[in-house]
Amino acid sequence: MEIWIVVAVVVVVAIAAVVLLRVKARNQQRGTQRLQTKFGSEYDNAVGEVGRKKGEAELAEREERVEGFDLHPLAAAESERFTQLWMATQARFVDDPGGAISDADSLLSEVMQARGYPVGDFEQRATDISVNHPELVANYRAAQAAALKHSRGGASTEDLRQAMVHYRWLFTDLVGPVGSPATGEPETKPTVAS
C-alpha cells in the first residue's frame, strides 16, 4: 500500500512539474512577443548581439531604467523655442552641412534633457530613447555614425543630408508628448536600409 502512495506522489509531482514548465514557457513566449512588438528591429539588434536570453534581459532593464525617469512633454514655450532652433539648424545646413549636423545632435540632447532623459554618452542616450521611440533609434544611430564619419573627413553631403533627416524624425517625435507622436507627423517614418 505504501508503495502505491509513493508512486501516486511521484506522478502528481511529475505532472505538477510539467504544468509549471509549460506555464513558464508560455509566460516566456508572451514576454518575448511583447518585447518584439514593443522594440521591433531594436529587439533583433539586442538579441543578435548577445543572444535571446541576455538580449531580452537587457531590453527589460532598459524599460525599468526609463520607467524611473521623470519624462514629461515640453511646455508650449519650450516646444516653440526648440522648434525655432531646429528651423535655424536646418537652414544652416545649406551653407554648413557639418556644422548643422553638429548643432542637430546638440539640440536633440537638449530636447532629451528637457523631456527628462539623462544625457550621458551617445549609446546610453540611444538605449534610453529606444524604450519610447524604438522605431527611430536605428535612424538616430545612423545619424550619429554619419556625424562621426564627417568628423573624420569621410562623409559626403548626401550622408549628412540623410543624417539631418534622421535627426529631424527624432526631433519631431521628442517635441510631442511622451509616448505619442507630435501633431501633424506623418504616419510612417524612414528606416535605415540594411
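Because the structure is predicted, anything quoted here is derived from the model rather than measured.

About the cut-offs
- Residues numbered from 1 in each chain as written.
- Predicted model: local features only at pLDDT ≥ 70, side-chain atom pairs only at ≥ 80, totals over all residues.
- Heavy atoms only, no water.
- Salt bridge = Lys/Arg side-chain N within 4 Å of Asp/Glu carboxyl O.
- Helix = DSSP H or I, 4+ residues; strand = E, 2+ residues; numbered from the N terminus.
- Buried < 20%, exposed > 50% of the residue type's maximum accessible area, 1.4 Å probe, protein only.
- Core = buried A, V, L, I, M, F, W, Y, C linked by side-chain atoms within 4.5 Å.
- Contact = heavy atoms within 4.5 Å.
- Patch = residues over 30% accessible without salt bridge, like charges linked within 9 Å, V, L, I, M, F, W, Y side chains within 5 Å.
- Areas by Shrake-Rupley, 256 points an atom, 1.4 Å probe, with all protein chains shown as cover.
- Phe/Tyr/Trp six-rings, centres within 6.5 Å; stacked < 30°, edge-to-face > 60°.
- Lys NZ or Arg CZ within 6 Å of the ring centre and 35° of its normal.
- Axes fitted to C-alpha atoms, helices over the stretch in contact; angles between N-to-C directions.
- Parallel < 35°, antiparallel > 145°, perpendicular 65-115°, else oblique.
- Left-handed = near helix turned anticlockwise from the far one by under 90°.
- Nonpolar A, V, L, I, M, F, W, Y, C, P; charged D, E, K, R; others polar.

Caption draft 1: Looking closely at the pattern of salt bridges. Under the criterion given, the structure shown has 13 salt bridges. For R62, the salt bridge goes to E58, with nearest N and O atoms at 2.8 Å. Taken together, the residues span about one helical turn, with R62 and E58 both in helix α3 (residues 52-67) at a distance of four residues. On the accessibility criterion, R62 (8% relative accessible area) is buried. Residue R65 is joined to D128 by a salt bridge in which the shortest nitrogen-to-oxygen separation is 2.8 Å. In this pair, R65 is assigned in helix α3 and D128 in helix α6 (residues 122-132), connecting sequence segments 63 residues apart.

Caption draft 2: Focus on the nonpolar core. Counting 43 residues, the largest nonpolar core has I101, Y140, Y167, F171 and L174 as its most contacted members. It is helix α8 (residues 157-174) that contributes the most residues to this core, nine residues altogether. Not counting the four nearest positions on each side in its chain, L174 is found in contact with L74, L108, V111, M112, R115, Y117, I129 and H133.

Caption draft 3: Region of the structure containing a nonpolar patch on the surface. A grouping of I3, W4, V7, V11, I15, V19 and V23 is seen on the molecular surface, where their side chains present a nonpolar patch of about 680 Å² in accessible area. V23 sits in the partly exposed class, given a relative accessible area of 36%.

Caption draft 4: Up close: the packing of aromatic side chains. Within this structure, the stated rule accounts for four aromatic pairs. Between F122 and Y140, the ring centres sit 4.8 Å apart and the planes meet at 55°, which makes this aromatic pair tilted. Taken together, the positions of F122 in helix α6 and Y140 in helix α7 (residues 134-151) put the pair 18 residues apart, joining distant regions of the chain. The exposure classification of F122 matches that of Y140, with both residues buried. When the centroid spacing of 6.3 Å and the interplanar angle of 70° are considered together, the rings of Y140 and Y167 count as edge-to-face. In this pair, Y140 sits in helix α7 while Y167 sits in helix α8, placing the two residues 27 residues apart along the sequence. When sorted by exposure, Y140 lands in the same class as Y167, which is buried. Over the ring of F82 we find R81, and its NZ or CZ is 4.4 Å from the ring centre.

Caption draft 5: Expanded view of the packing of α7 against α8. Following both chains from N to C, one finds α7 and α8 inclined at 140°, their axes separated by 8 Å at the closest point. Classified by the angle between their axes, α7 and α8 sit oblique to one another. Considering the relative orientation of α7 and α8, their crossing is left-handed. Counted together, E135, L136, N139, Y140, A142, A143, Q144, A146, A147, K149 and H150 of α7 and D159, L160, A163, H166, Y167, W169, L170 and D173 of α8 form the full contact between these two elements. Class assignment of the residues belonging to the contact of α7 with α8 gives a composition of eleven nonpolar, four polar and four charged.

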